[in-house]
Amino acid sequence: MFITFEGIEGCGKSTQIRLLADFFKKTSRDFIVTKEPGGTEIGAKIRSILLDSVNVKINPLTELLLYEADRAQHVEEIIRPSLEAGKIVLCDRFFDATVVYQGYARGFELVFIDYLHENILKGLKPDLTIILDCPVAIGLKRAWKRIADTPENAKEDRFEKEAVSFHEKIRHGYLRLAGIEPARFNIIDAAQEISVVHEEIVRIVTAHERAK
Ligand SMILES: Nc1ncnc2c1ncn2[C@@H]1O[C@H](COP(=O)(O)OP(=O)(O)OP(=O)(O)O)[C@@H](O)[C@H]1O
Ligand SMILES: [Mg+2]
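The notes below deal with the structure included here. All of these numbers come straight from a predicted model, not from anything done at the bench. (Residues numbered from 1 in each chain as written. Chains lettered and ligands numbered in written order. Predicted model: local features only at pLDDT ≥ 70, side-chain atom pairs only at ≥ 80, totals over all residues.)

1. A few points about the overall build of the protein
Within the protein, the secondary structure is distributed over eight helices and five strands. The globule rule puts the C-alpha radius of gyration for 212 residues at 17 Å, and the 16 Å found for the protein is close to it. Put simply, of all contacts in the protein between residues at least 6 apart along the chain, 79% involve residues at least 24 apart. (Helix = DSSP H or I, 4+ residues; strand = E, 2+ residues; numbered from the N terminus. Rg over C-alpha atoms; globule rule 2.2 N^0.38 Å. Contact = placed C-beta atoms within 7 Å.)

Quick look at the structure:
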């Protein structure tokens, strides 16, 4: 099973993946946790270019192609082999993020992005995608707190520095995607308490396992 987590900056993706991983450990499920960008050694180098706000000059096409370069490596090196080995894969952001950020928000043609994804994913798709949805003001406040609390992430603030209108486009872009493919997406109100969100995720994941 391949589960991806999406949503605006600071909505709680990393927190909820950690909690779900703890639950999987307790229940002896075989799983891995990974992320985009930066799920591989090569990807970690790409991530530092993409998220560091020193790189304000990055060209939007460069940005798009770096995300896809990261993804091409990640799919072949980590995701596909893990799924073939029967592991559950939990991934912090995946190709939907590119559709929303580079497509809906930056304005690249969706046919171009879809064509890249056809060639990179070759039919691979998450079984389940959880969207942690919350107002932009809440997400950004949390994201800045996370940056302040974790000095090792202090340089990962390029997207946090985008205008509020950009984050609104991201939030609504995710909701639009969920409307197009309702069977794969589950939207959770991420403004709720951490434990409440976690319980909802466990309920969705276990229901999905039973249905498989
Ligand atoms: N439901 C919640 N209520 C209150 N605080 C929360 C909630 N979920 C997460 N947080 C806190 O908000 C901050 C950001 O959470 P987290 O890092 O999980 O978000 P994220 O979606 O991974 O962000 P990013 O997109 O920047 O990686 C953390 O300090 C976390 O403890
Ligand atoms: Mg995170």
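2. Examining the packing of helix α3 (residues 60-84) against helix α4 (residues 95-105)
It is at 11 Å that the axes of α3 and α4 come closest, and there the two elements cross at 175°. It follows that α3 is roughly antiparallel to α4 by the angle criterion. Along the contact surface, α3 presents E63, L64, Y67 and R71, while α4 presents F95, T98 and Q102. Here the contact of α3 with α4 is built from residues that sort into three nonpolar, two polar and two charged. (Axes fitted to C-alpha atoms, helices over the stretch in contact; angles between N-to-C directions. Parallel < 35°, antiparallel > 145°, perpendicular 65-115°, else oblique. Nonpolar A, V, L, I, M, F, W, Y, C, P; charged D, E, K, R; others polar.)

3. Here we look at the sheet that holds strand β2 (residues 31-35)
Ordered in space as β2-β3-β1-β4-β5, the five strands form an open sheet in which the pairing is parallel. The open sheet terminates on both sides in strands that have one partner only, identified here as β2 and β5 (185-189). Across the sheet, the axes of successive neighbouring strands diverge by a mean angle of 20°, strand direction being ignored. Summarising the sheet, strand β1 (residues 2-6) and strand β4 (residues 128-133) pair through four bridges and their orientation is parallel. Across the sheet, E6 pairs through a bridge with I131, a residue of β4. (Pairing = 2+ DSSP bridges.)

4. Examining the site of ligand 1
Inspection of the region around ligand 1 gives 17 residues, with G12, K13, S14, T15 and R142 positioned closest. It is helix α6 (residues 136-149) that provides the largest number of residues to the shell around ligand 1, a total of five residues. Tallied by class, the residues present in the shell around ligand 1 amount to five nonpolar, five polar and seven charged. (Near = placed C-beta within 6 Å.)

5. Considering unusual backbone geometry
P37 follows E36 through a cis peptide bond whose omega is -10°. By the secondary structure assignment, P37 is in the loop between β2 and α2 (41-51). Even without being glycine, S28 reaches a positive phi, approximately 55°. Mapped onto the elements, S28 comes out in the loop between α1 (13-26) and β2. Even without being glycine, K122 reaches a positive phi, approximately 45°.

6. Regarding the environment of T34
Following the sequence through the fold, T34 ends up in strand β2. With 20 C-beta atoms counted inside 10 Å, the residue T34 sits in the buried group. For the pair T34 and A207, spaced 173 residues apart in sequence, the C-alpha to C-alpha distance is 22 Å. (Buried ≥ 20, exposed ≤ 12 C-beta atoms within 10 Å, placed from the backbone.)

7. Regarding the environment of D30
Here D30 is to be found in the loop between α1 and β2. Separated by 57 residues in sequence, D30 and K87 have C-alpha atoms that sit 5.2 Å apart. Sequence-distant contacts of D30, defined by excluding residues within four places in its chain, comprise G86, K87 and I88.

8. As for helix α5 (residues 110-121)
Relative to the 16 Å expected for twelve residues at 1.5 Å per residue, α5 spans 16 Å between its end C-alpha atoms, a close match to the ideal helical length. K122 sits one or two residues past α5 and shows a positive phi near 45°. (Expected span 1.5 Å × (residues − 1).)

9. Section: α4
Among the eleven residues in α4, nine count as buried, and that is most of the element. Those residues of α4 that fall on the buried side of the exposure criterion are F95, D96, A97, T98, V99, V100, Y101, Q102 and G103. In this structure, the buried residues of α4 make contact with β1, α3, α5, β4 and α7 (164-180). A positive phi of about 95° marks G107, the residue just after α4.

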